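Read off the chains here:
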Amino acid sequence: MSVRSLNLDDLRCFVAVAHRLSFSQAARELHLTPSVLSRRISNAERVLSANLFVRDTRSVTLTHAGARLLPLAQEVIEKFDRMPDEISKGPLPVRKIRCGIPPWLPPVLQAKLTGFGESNTEKFKLTQAPLVSADIIDGILHERLDFGFVRPNSQATVLSYTTVWKERIGAVLSREQFASRKSIAVAELLALDYIGDRRDSDTEYRRDVETELDKHGQLKRAEFTLGDGARVKHGIAAGEAFNLAPMPSAGEPNRLEYDEFVLVPISDLSFRLLTCLAYRDDTARRDRGLQDVLDTIILMFRE
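Source: prediction; values computed, not measured. (Residues numbered from 1 in each chain as written. Predicted model: local features only at pLDDT ≥ 70, side-chain atom pairs only at ≥ 80, totals over all residues. Heavy atoms only, no water.)

1. Section: the overall build of the protein chain
In plain terms, the rule: A run of DSSP states H or I qualifies as a helix once it reaches four residues; a run of E qualifies as a strand once it reaches two. Both are numbered from the N-terminal end. Type-normalised accessible area, obtained with a 1.4 Å probe on protein chains alone, sets the label of each residue: buried when under 20%, exposed when over 50%, and partly exposed for intermediate values. By definition, residues are in contact when any of their heavy atoms lie within 4.5 Å. Computed with the Shrake-Rupley method and a 1.4 Å probe, the accessible areas treat only the protein chains shown as cover for residues.
When its secondary structure is counted, the protein chain shows 12 helices and 11 strands. Burial statistics for the protein chain: of 303 residues in total, 42% are counted as buried. Long-range contacts, defined here as pairs at least 24 residues apart, represent 73% of the contacts in the protein chain between residues at least 6 apart. With an accessible surface of roughly 17300 Å², the protein chain has 52% of that area assigned to carbon and sulfur atoms.

Printed below as a string of structure tokens:
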């Protein structure tokens with residue numbers, strides 16, 4: 001006989017007898033006749049294929065099987081009796097999910113992430129922490145963050161990196177001289193001074209881009225960097241230098257701040273700037289809910 005046929009009332013009868021070690025006292029407590037109580041105990045023993053009590057004319061004691069069943073039966077009864085209270089408590093607390101957001105995250109991805117969080121407020125609260133990539137990686141490693149967006153990083157081997165976005169790189173040039181151009185070749189850029197900077201998370205990709213450019217010829221590096229704002233502006237506007245920046249996505253406005261600049265696609269540069277979703281492998285494995293969120297974001301960002 002299957003244990004599924006065990007009746008909750010049979011368990012209540014068993015627990016009452018086990019506590020009183022008396023069939024007559026348990027029957028009075030449950031407002032049952034002794035014969036009905038005996039039948040319920042017999043039914044439980046038949047379903048479980050075990051004797052639960054040793055009975056004689058003067059005493060009642062638990063068998064080894066009865067002693068093992070008692071805490072389990074009490075737990076089942078207590079959980080059943082708590083159901084109305086648990087249901088009346090209202091909605092479950094909303095889970096907090098913490099995400100690291102770098103300053104360079106493409107606006108189209110930022111909008112998708114914000115929309116995703118706003119459409120799932122009943123399931124979780126998505127908190128976005130604005131941080132540079134190094135702090136995002138450290139936050140994920142030490143579990144202050146659940147995930148974040150970074151450039152590929154081979155140093156933090158504990159993390160998983162899933163590419164969710166690829167961007168072409170364009171050349172920031174003089175608007176006066178290049179506004180009519182649909183594209184520019186690397187050979188033309190190598191004739192100009194290159195302005196590079198690796199000081200912050202917005203320029204972490206530059207070493208890889210520079211390596212690609214160097215495959216075509218020697219870069220002429222300018223004596224000044226992006227930190228020299230006035231000289232950068234003058235050098236590019238005068239047509240003497242160039243900088244690099246991600247190309248905007250379709251329908252996305254150009255993020256260049258100066259009227260003197262124009263962003264031109266580089267026709268023969270195969271490099272793509274990657275945005276990766278980073279998270280701890282072990283965290284996702286032990287947290288199915290977080291893994292579902294990550295899987296959804298990956299699919300959503302790749303659309």
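Next, the rest of the story.
2. Things to note about the environment of C276
Counting through the fold element by element, C276 comes out in strand β11 (residues 272-280). Using a relative accessible area of 3% as the deciding quantity, one classes C276 as buried. For the pair formed by C276 and T163, sequence separation is 113 residues and the distance between their alpha carbons is 4.3 Å. Leave out the neighbours within four places in its chain, and C276 touches G148, F149, V150, P152, Y161, T162, T163 and V164.

3. Examining the packing of aromatic side chains
Filter applied, for reference: In this analysis, rings of Phe, Tyr and Trp, with Trp reduced to its six-membered ring, are considered paired at centre separations within 6.5 Å, and the interplanar angle assigns stacked below 30 degrees, edge-to-face beyond 60, and tilted for intermediate values.
Taken as a whole and assessed by the stated rule, the structure comprises 6 aromatic pairs. Ring centres of F116 and F124 lie 5.6 Å apart, and the angle between their planes is 50 degrees; this geometry places the pair in the tilted category. Taking the centre distance of 5.3 Å and the plane angle of 45 degrees together, the rings of Y194 and F242 count as tilted. Placement of the pair is Y194 in strand β7 (residues 193-194) and F242 in strand β9 (residues 241-246), with a sequence separation of 48 residues. As far as burial versus exposure is concerned, Y194 and F242 are alike and both buried. The rings of F14, F23 and F53 are connected pair by pair, giving a single aromatic cluster.

4. Looking at a nonpolar patch on the surface
Worth spelling out the cut-off: Note on patches: the residues involved have over 30% relative accessible area and no salt bridge, like charges join within 9 Å, and the nonpolar side chains Val, Leu, Ile, Met, Phe, Trp and Tyr join within 5 Å. Only one rule defines a salt bridge in this text: a Lys or Arg side-chain nitrogen within 4 Å of an Asp or Glu carboxyl oxygen.
A cluster of nonpolar residues, F80, M83 and I87, forms a patch on the protein surface that exposes about 320 Å² of accessible area. Following the sequence through the fold, I87 ends up in helix α4 (residues 64-88). Owing to a relative accessible area of 69%, I87 belongs among the exposed residues under this scheme.

5. As for a positive patch on the surface
Under the convention used in this document: Within this scheme the basic residues Lys and Arg register as positive and the acidic residues Asp and Glu register as negative, but His and the chain ends are omitted. For the purpose of locating charges, the reference atoms are NZ of Lys, CZ of Arg, CG of Asp and CD of Glu.
On the surface, K166, R168, R272 and R302 cluster together into a patch of positive charge. Tracing the chain through its elements places R168 in strand β6 (residues 159-174). Judged by its relative accessible area of 36%, R168 falls in the partly exposed class.

6. Some words on the packing of helix α2 (residues 23-30) against helix α3 (residues 34-48)
Quick reminder of the rule: As a rule, the C-alpha atoms of each element are fitted with a line to give its axis, helices using only the stretch in contact, and angles between N-to-C directions run from 0 to 180 degrees. For classification purposes, angles smaller than 35 degrees are called roughly parallel, those larger than 145 roughly antiparallel, those between 65 and 115 roughly perpendicular, and all remaining angles oblique. Classification used: nonpolar for Ala, Val, Leu, Ile, Met, Phe, Trp, Tyr, Cys and Pro, charged for Asp, Glu, Lys and Arg, polar for all others including Gly.
Their axes nearest at 9 Å, the elements α2 and α3 cross at an angle of 100 degrees. In terms of orientation, α2 and α3 fall into the roughly perpendicular class. The residues of α3 that touch α2, namely those facing F23, A26, A27 and L30, are P34, L37, S38 and I41. Residues belonging to the contact of α2 with α3 are distributed by class as follows: 7 nonpolar, 1 polar and no charged.

7. Quick notes on unusual backbone geometry
Residue H31 is not a glycine yet carries a positive backbone phi of 60 degrees. Relative to the helices and strands, H31 is located in the loop between α2 and α3. Its relative accessible area of 73% is what places H31 among the exposed residues.

8. Some remarks on the pattern of salt bridges
For the coordinates displayed, the defined rule picks out 17 salt bridges. For the salt bridge of R40 with D10, the shortest nitrogen-to-oxygen distance reads 3.1 Å. With R40 in helix α3 and D10 in helix α1 (residues 8-20), this residue pair connects regions lying 30 residues apart in the sequence. On the accessibility criterion, D10 (2% relative accessible area) is buried. R221 is the partner of E210 in a salt bridge, and the nearest nitrogen-oxygen pair spans 3.3 Å. Of the two residues, E210 sits in helix α9 (residues 206-214) while R221 sits in strand β8 (residues 220-221), which places them 11 residues apart along the sequence. Shared partners join several salt bridges into a network, and the residues in it are E210, D214 and R221.

9. So, α3
We apply this condition: One less than the number of residues in a helix, times 1.5 Å, gives the span that helix is expected to have.
In a regular helix each residue adds 1.5 Å, so 15 residues correspond to 21 Å; α3 covers 21 Å between its end C-alpha atoms and thus fits that length. Every buried residue belonging to α3 is among L37, I41, N43, A44, E45 and V47, and all of these are buried. Elements in contact with the buried residues of α3: α1, α2 and β1 (53-55). Immediately beyond the C-terminal end of α3, within one or two residues, lies S49, with a positive phi of roughly 55 degrees.

10. Remarks on the pairing of strand β4 (residues 124-130)
Side chains on a regular strand alternate between the two faces of the sheet. Selection criterion: By the convention used here, strands pair only if DSSP detects at least 2 bridges between them. Crossovers are marked right-handed if the path from the first strand over the helix to the second runs clockwise, as seen with the strands pointing away from the viewer.
Sheet topology places strand β3 (residues 95-101) next to β4; 7 bridges connect them, and they run parallel. Bridged to R98 within β4 is T127. In this fold, the crossover linking β3 to β4 by way of helix α5 (residues 107-118) has right-handed handedness.

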